[in-house]
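What follows is each chain in one-letter form.
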Amino acid sequence: MCPSVADQPLWVFCAVVMVARLRRIKLLHRLQGQNLVNPQFKKGFFLKFSWKLLLPHGVVWLGVCVTMAAFLWWNHLVMQKEWQVNEQATRRELSNLSRLSQEHARRTFYAADQALQLVRTLYLRDGMKLDLAALVRQSTLDTGIVHQVGIMDAYGIYRLSNWPATPPVDLSDRAYFKVHVVRAADELFVSAPEQNQVSGKWMIQLTRRIHHPDGVLAGVAMVSVDVDYFSDFYASLDLGEQGVTTLAGLNGEVLARRSKVASGMGIKLGHAPAMDLLAQGQREGFFEHVSPIDRVERLHHYRQVTGFPLFITVAFGLQEYRAYKQSEQRMRWGMAALGSVLLLSLSALFSWHRMREQRYFHELQDSHERMNLTLDSGGVGLWEWDLAQGHFWVDERLEALLGFHPGEMAVGNSDFMHRLHPDDTVTLNRLLSPVLKGDVPQLVLEHRLRHKDGHWVWLTARGKVVRRGEDGRALRMVGTDVDRTEQKRLEEAARQSQDLLQNLTDQVPAELFQFKVHPDGHSCYPYASKHFLDFYGLTLAQVQSDASLVSAWQHPDDVAMIKQSIIESVTQLTPWKLEYRLRLPDGRVCWRNGHAVPQKMADGSVVCYGVIFDVTERKLVEQELSVAAVAFESSSAMVVSDSQQRILRVNQAFVVLTGYAVHEAVGRFSGLLNSGRQDAAFYQAMWQVIGEKGYWEGEIWNRRQNGDVFLDWLSITVVKDAQGCVTNYVSVHSDITLRKRTEEEVHKLAFFDPLTNLPNRRLLQDRLQQLCAARARNNQLAAVLFVDLDRFKQLNDTHGHDQGDDLLIQVAQRLQACVREVDTVARLGGDEFVVVLAQLGEELPQAQASALWVAQKILKLLAEPFDLPRVGWTLSASIGVTMVVEPRVLPEDLLKQADGAMYVAKAAGRNAVRIWGVV
Ligand SMILES: Nc1nc2c(ncn2[C@@H]2O[C@H](COP(=O)(O)OP(=O)(O)OP(=O)(O)O)[C@@H](O)[C@H]2O)c(=O)[nH]1
């Protein structure tokens, strides 16, 4: 039985199943190609096994195993049956071969016997004249069987032969001759093979008795048959390597034997089973026997050659036969095993495909559910466009988006274009054209469609061409429409919010920014407000790539500080606050006040959200205030009061000046220091000036806390706001008592004689100038008396300068006593004095007389004793007088005139009076 034929139903079944699987998988792949199956499925398939999925496969596998076991058992039974059939066939084959060999032997021996009987008959007729060679040539004898034919005489001498050259040979000792001598019966005798001494071939001799009519032995006819005739025939039988065919006599003599293992010629079978079986009357049969010749176990079939005392055995080597059968069995089992393996493989493949298919379907189902869930979640509709027919198919969801009931919306091309917003038509045509041509794989279009109630619905359409004609023309498109109305509303709100934020940030007089420091230290500004960019003259793209363009503006002296503050803020995530300077390209320096809050990002970077104020003006103000504060705390006493003159602030100098502590002064009114020396009109006038000019300064007597009055140089400045309203008064107090005194001292030193406190030459000249001026106004005459003490040097030299000084002081006092209030007594220096007599009237004689009278009075008064305790000194003086008549006369000229008159008096003997111009 052929295994392939036996397994054919299984193969066919498997093939049909696999084809079915492949067709379904192909379908699934097509679905997957349409993105209806989750592409992650393949990966998940190898990672996740589900017992729920495996259970049906376990049942299938159990069935497969049972089927396979049944198949193997069936194969075993088939092989057993086949073994039996094969054994029977083998025995039948052996039987047939033995029959064939037996028939071959029978026919051969029959032919040889016929030839033998012919030769005997001819010999009886022709005697020694019988030409056997001619008989052979005439093909009367089958030379294929008969190798040699001859006649032995009654004495066993080989007399005739078909080979003429054969010499007479004595064969009387041979068994095939002696048997006929002994036995008179006419029977065929077959001898044991014997080797021809000439040719070396083994021959079987067939002999028959030749006898005269009286039964006396006349000779023996002999035919030699070549054993090779049998051996060649047996060699044509396929008995395998160990097969053997034996032709033997019933007495065990082996006549011919064909074996590839050993020849066995010339031997005699001892107790061959065939002989025993033949002896038992069984003319044919099987037996197994180990050959004593070659020790090979064989299965024999023996058969007696009909009509001859011969039998033939044909045998297969059992070992070889069994090896062949075992090989065949192994091949059989191998085929079965291979079939099983293939079955298992196919089952496994089936299971794998089945599971894959289930997975596909589950994924497909899940995908379908997800898609439905997504679509059902709202806002997504499906559409399909048949370009050839020019109409659309839209699903219920899309219709619902546009306010229609299912199937209500008209879906022709013109209907769609009518429903499309006019502003979106150009965009649609621009985007759709390359998609239809195949240049762009997918259509993505944001457009508006008119709702059933008239308002516009924002949609995002995505579509693909799913079918094209042979010429590449698009025939069908499918796609989705997603409702973007809410998104658009949110985008618009976000845009408005962004615009609002942008406008606000643009209006904020500060620089808003977002500063980002990457883990590698690189920094940039992801966001910067308009003020920020305008200030630095940079674009957003520039600062978004690199922050160094901004930091380059940092003042060189502040770079390290800024860097350190940023590092601390970013690493410790603490708010960043810093005031720092920038150096502008034109060299100016401006101040910045920065605030930022750092935030750690997931990627390790830190983003700071902050604002920077330009505080340059404040800094300048602060600097000014700082200077003002320093100035406020200067040596000048300062008071800041409000518009109601309530003291707000006083400095330390004020405390020192007035004796009022700060807390004693603050809150009081500025009249705190009033001394009462100025009347109400003074203050009224002062505040009037302040109100008009915003500033007043002047001397004022004020009073300290301890009651002391001091001369205060007060300056009051009005502080007004932008609207011109008075907000504050700033008063600066300076105690000028000492200064005033000093000024008076200086004035005194400048215009008065320090010894006598009389006006000096300078003041005298002013008085004379005023006198002259007055002369021009009131026409009053005046006189100048030049008084020089006589021999004053002698006093100094005798009694010392102290005495002289005392005398000079007393002279001054006596001179002042001699004149009126309007008159002037001055000391020019040394012992020289000048007396100016004013308002002497308009008449010169009277005036001159008055002057002379005063001069005499002076002389008289000076002549009186002076209060010089240790000195007894009598004084006299010489006086020169000149009258002030001309209003334009110079003071120097008057003094020269008086001095000249004085010298005249000296020259006259001293203690005299002379008038200039009269003498
Ligand atoms: N004690 C004193 N002596 C002064 C002062 N100024 C000048 N003298 C002196 O006054 C004297 C003036 O002398 P004169 O006027 O030249 O001489 P006299 O002694 O007055 O002589 P006749 O004027 O010619 O009478 C000098 O000896 C000066 O040194 C002063 O302030 N005090």
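What counts and how
- Residues numbered from 1 in each chain as written.
- Predicted model: local features only at pLDDT ≥ 70, side-chain atom pairs only at ≥ 80, totals over all residues.
- Heavy atoms only, no water.
- Axes fitted to C-alpha atoms, helices over the stretch in contact; angles between N-to-C directions.
- Helix = DSSP H or I, 4+ residues; strand = E, 2+ residues; numbered from the N terminus.
- Left-handed = near helix turned anticlockwise from the far one by under 90°.
- Contact = heavy atoms within 4.5 Å.
- Nonpolar A, V, L, I, M, F, W, Y, C, P; charged D, E, K, R; others polar.
- Buried < 20%, exposed > 50% of the residue type's maximum accessible area, 1.4 Å probe, protein only.
- Arc of directions from axis to C-beta.
- Polar contact = N/O pair within 3.5 Å; in protein donor to acceptor, adjacent residues only side chain to side chain.
- Near = heavy atom within 4 Å.
- Areas by Shrake-Rupley, 256 points an atom, 1.4 Å probe, with all protein chains shown as cover.
- Patch = residues over 30% accessible without salt bridge, like charges linked within 9 Å, V, L, I, M, F, W, Y side chains within 5 Å.
- Salt bridge = Lys/Arg side-chain N within 4 Å of Asp/Glu carboxyl O.
- Parallel < 35°, antiparallel > 145°, perpendicular 65-115°, else oblique.
- pLDDT = per-residue confidence, 0-100.

### Overview of the packing of helix α24 (residues 801-818) against helix α25 (residues 844-863)
Logical step 1: Contact geometry of α24 with α25 gives a least axis separation of 10 Å together with a crossing angle of 145°. Crossing handedness for the pair α24 and α25: right-handed. Taken together, the residues of α25 that come into contact with α24 (itself represented by V811, R814, L815, A817 and C818) are V854, K857, I858, L861 and L862.
Logical step 2: Class assignment for the residues of the contact of α24 with α25 results in eight nonpolar, no polar and two charged.

### Description of helix α6 (residues 227-235)
Logical step 1: For α6, the full list of buried residues reads V227, F230, S231, F233 and Y234. The buried side chains of α6 occupy one side of the element, clustering within an arc of 160° when seen end-on.
Logical step 2: Among the residues of α6, the N-terminal cap falls to D226, whose side-chain oxygen and the backbone nitrogen of D228 are separated by 2.9 Å.

### Regarding the site of the ligand
Logical step 1: Taken together, 16 residues surround the ligand, and among them R791, K793, N796, R827 and K906 come closest.
Logical step 2: The side chain of D788 places a nitrogen or oxygen atom 3.3 Å from an oxygen atom of the ligand.
Logical step 3: The separation between a nitrogen atom of the ligand and a polar main-chain atom of H801 is 3.3 Å.
Logical step 4: Burial of the ligand by the protein amounts to 69% of the accessible area it has alone, namely 650 Å².
Logical step 5: Per element, the largest residue contribution to the shell around the ligand is four residues, and it comes from α24.
Logical step 6: Residues belonging to the shell around the ligand are distributed by class as follows: three nonpolar, four polar and nine charged.

### A closer look at a nonpolar patch on the surface
Logical step 1: Taken together, the side chains of M331, M335, L338 and L342 define a hydrophobic patch exposed on the protein surface, amounting to about 350 Å² of accessible area.
Logical step 2: Turning to its location among the elements, L338 is positioned in helix α8 (residues 318-376).
Logical step 3: We classify L338 as partly exposed; its relative accessible area is 46%.

### Re the packing of helix α22 (residues 761-778) against helix α26 (residues 891-907)
Logical step 1: Interaxial distance between α22 and α26 falls to 9 Å at its minimum, and their mutual angle equals 105°. The orientation of α22 relative to α26 falls into the category roughly perpendicular. Of the residues in α26, those touching α22 at R761, L764, Q765, L768, Q769 and C772 are P891, E892, L894 and L895.
Logical step 2: Residues that form the contact of α22 with α26 fall into these classes: six nonpolar, two polar and two charged.

### Notes on unusual backbone geometry
Logical step 1: Its identity is not glycine, yet Q839 carries a phi of approximately 55°, on the positive side.
Logical step 2: Here Q839 shows up in the loop between β30 (832-837) and α25.
Logical step 3: Owing to a relative accessible area of 46%, Q839 belongs among the partly exposed residues under this scheme.
Logical step 4: Positive phi, normally seen in glycine, also occurs at R910, with a value near 70°.
Logical step 5: Tracing the backbone through its elements, the reader meets R910 in the loop between α26 and β32 (913-915).

### Quick word on the confidence of the model for the chain
Logical step 1: On average, residues of the chain score 85 in pLDDT, and 92% of them reach the 70 mark or higher.
Logical step 2: Taken as a whole, residues 1-8 scores under 50 in pLDDT and shows nine contacts with residues more than four places along the chain or in a different chain.
Logical step 3: Of the regions scoring below 50 in pLDDT, residues 33-47 engages in 25 contacts with residues more than four places distant in sequence or in other chains.
Logical step 4: Scoring the predicted complex yields pTM 0.38 and, for the interface, ipTM 0.95.

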